[in-house]
Amino acid sequence: MVVPIVSVIGGGQLARMMAPGAAELGVHLRVLVESETSSAAQVVVDAPVGQAHDADAIRALVQGSNVLTFEHEHVSNDLLRELIAQGVSVQPGPDALLQAQDKIVMRRRLTEMGVPCPAWAPLSRAKDAARTELEAFISEHGPEVVVKTARGGYDGKGVRVVSSATEVEDWFEATTAGGPDLLVEAKVPFTRELAVLVARRPSGQSVTWPVVESIQREGVCSEVIAPAPNLTVEEAEEARQIALTIAGGLGVTGVLAVEMFETVDEQGERHMFVNELAMRPHNSGHWTITGSVTSQFEQHLRAVLDLPLGSTEPTVTWTVMANVLGSTRDSLTEGLEEVAAKFPEAKVNVYGKETRPGRKLGHVNVSGDDLDEVLHRATSAAAILRGESLGE
Ligand code: ADP
């Protein structure tokens, strides 16, 4: 049998974590890495060095591949269309990917599809018009609103809570100078953030994992609880249906993460609003590596190869994923001995990245039957890897 080759653009931890699934399935993983020391380059044998914006590097990458996929959305859709015209299977395709690249395109499309979103409006590129539009939006939905750059934001960069147009004067300038378009959203008074992970094959089969709660600190995901506590079966089903509607409606293939806000109205009823989409394995799905029959990384490979999808059932009652964001250690591995001794059940995942403040350097998964205990142990293990003393 011919071994299928899956080519991936981007050599960060998401591509790195595809390696175990690829090895198990007998799939050949080829990853375009930013440098020889990139996270994925340390574990993937076939890792040509090249940049995501380098068309020649990508043309070379797909030679002999069965499919091209991504670990980030920063790719040229024109190039992807060219490759498709030449017969390359690109999963997800550029029309779907555009919705994860541009928040204005995404909001417009989801609104058309009837998917619940925060109230929103695009802002004009001309400064004076944008100022007037933003002030009008603040009068209607304020006092506080959320201004976002349509493209290029991640981990909360490109998101600003403001109560007057003067607070984004620098962004208006940047847009005038050729920078990204801006949009404004009502500030959702959410009780918490949820995420639903879907996997979808080109031939249509779609599955979801249980809805999770994602806890953010300063715009960055810090912990994920799977499944999200205190959701009724109906609420979880509603969230899963929203995610399936998006996956099918946009023609997404591979893994799609749908980030949502949960609100509770005066009658105590919960509602979901879609915040963001990511068309690739996502931080909110790292718990699946140890907490579900099929991890999101293995599933992504199955989905882009149009293989039948694996079971998304959890294998345990609770799994908590705690991110390691920055560390005072030179390498997280220095903390392994202490974590292993104190928390033998902790599943540590180190990304092999250089330490920088706030950077996602690794994560820890802990599973069990007592949520408080699981949460405590996962966050304590992550704290050790960050270099904090637990005071014992
Ligand atoms: P990024 O693309 O940088 O991840 P997001 O659009 O996901 O940006 O926003 C980052 C964070 O900002 C969210 O996780 C949420 O906490 C907050 N946020 C974004 N949009 C809104 C909104 N409309 N209302 C309230 N909070 C928001």
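Relevant structure appears above.
Residues numbered from 1 in each chain as written. Predicted model: local features only at pLDDT ≥ 70, side-chain atom pairs only at ≥ 80, totals over all residues. Heavy atoms only, no water.

### Some thoughts on the nonpolar core
Nonpolar side chains tend toward joint burial in soluble globular proteins.
No. 1: Membership of the largest hydrophobic core comes to 43 residues, with the highest contact counts inside it found for Leu68 and Ile246.
No. 2: When residues of this core are assigned to their parent elements, the largest contribution, seven residues, is made by helix 9 (residues 233–250).
No. 3: Leu68 has contacts with Ser7, Ile9, Ile58, Leu61, Val62, Leu80, Leu83, Val88, Ser89, Val90 and Gln91, leaving out every residue within four places of it along the chain.
No. 4: Membership of the second largest hydrophobic core comes to 22 residues, among which are Ala15, Val33, Ala47 and Phe297. (Core = buried A, V, L, I, M, F, W, Y, C linked by side-chain atoms within 4.5 Å. Buried < 20%, exposed > 50% of the residue type's maximum accessible area, 1.4 Å probe, protein only. Helix = DSSP H or I, 4+ residues; strand = E, 2+ residues; numbered from the N terminus. Contact = heavy atoms within 4.5 Å.)

### A few points about the packing of aromatic side chains
No. 1: For the structure shown, the criterion picks out one aromatic pair.
No. 2: Ring centres 4.8 Å apart and planes at 10 degrees place the aromatic pair Phe190 and Phe261 in the stacked group. With Phe190 in the loop between strand 7 (182–186) and strand 8 (192–200) and Phe261 in strand 12 (residues 254–264), this pair connects stretches of sequence that are 71 residues apart.
No. 3: Looking at Phe261, the relative accessible area reads 9%, which means it is buried. (Phe/Tyr/Trp six-rings, centres within 6.5 Å; stacked < 30°, edge-to-face > 60°.)

### Here we look at the sheet that holds strand 2 (residues 28–32)
No. 1: The parallel open sheet is built from three strands, whose spatial order is 2-1-3. Two strands lie at the open edges of the sheet, namely strand 2 and strand 3 (67–70), each paired on one side alone. Averaged over all pairs of adjacent strands, the angle between their axes in this sheet comes to 25 degrees, without regard to strand direction.
No. 2: By the bridge criterion, four bridges tie strand 1 (residues 5–9) to strand 3 in an arrangement that is parallel. Directly across from Ser7, in strand 3, lies its bridge partner Leu68.
No. 3: Across the face of the sheet, helix 11 (residues 296–304) comes into contact with strand 1, strand 2 and strand 3 while running at roughly 140 degrees to strand 3. (Pairing = 2+ DSSP bridges. Axes fitted to C-alpha atoms, helices over the stretch in contact; angles between N-to-C directions.)

### So, unusual backbone geometry
No. 1: Here the residue pair Gln91 and Pro92 is connected by a cis peptide bond, since its omega of -5 degrees sits within 30 degrees of zero.
No. 2: Across the junction of Ala226 and Pro227, the peptide omega takes the value -10 degrees, indicating a cis bond.
No. 3: When you line up the elements, Pro227 lands in the loop between strand 11 (220–226) and helix 9.
No. 4: A positive phi angle, near 55 degrees, is found at Asn230, a position not held by glycine.
No. 5: Here Asn230 lies in the loop between strand 11 and helix 9.
No. 6: On the basis of relative accessible area, Asn230 is assigned to the exposed category, the value being 63%.

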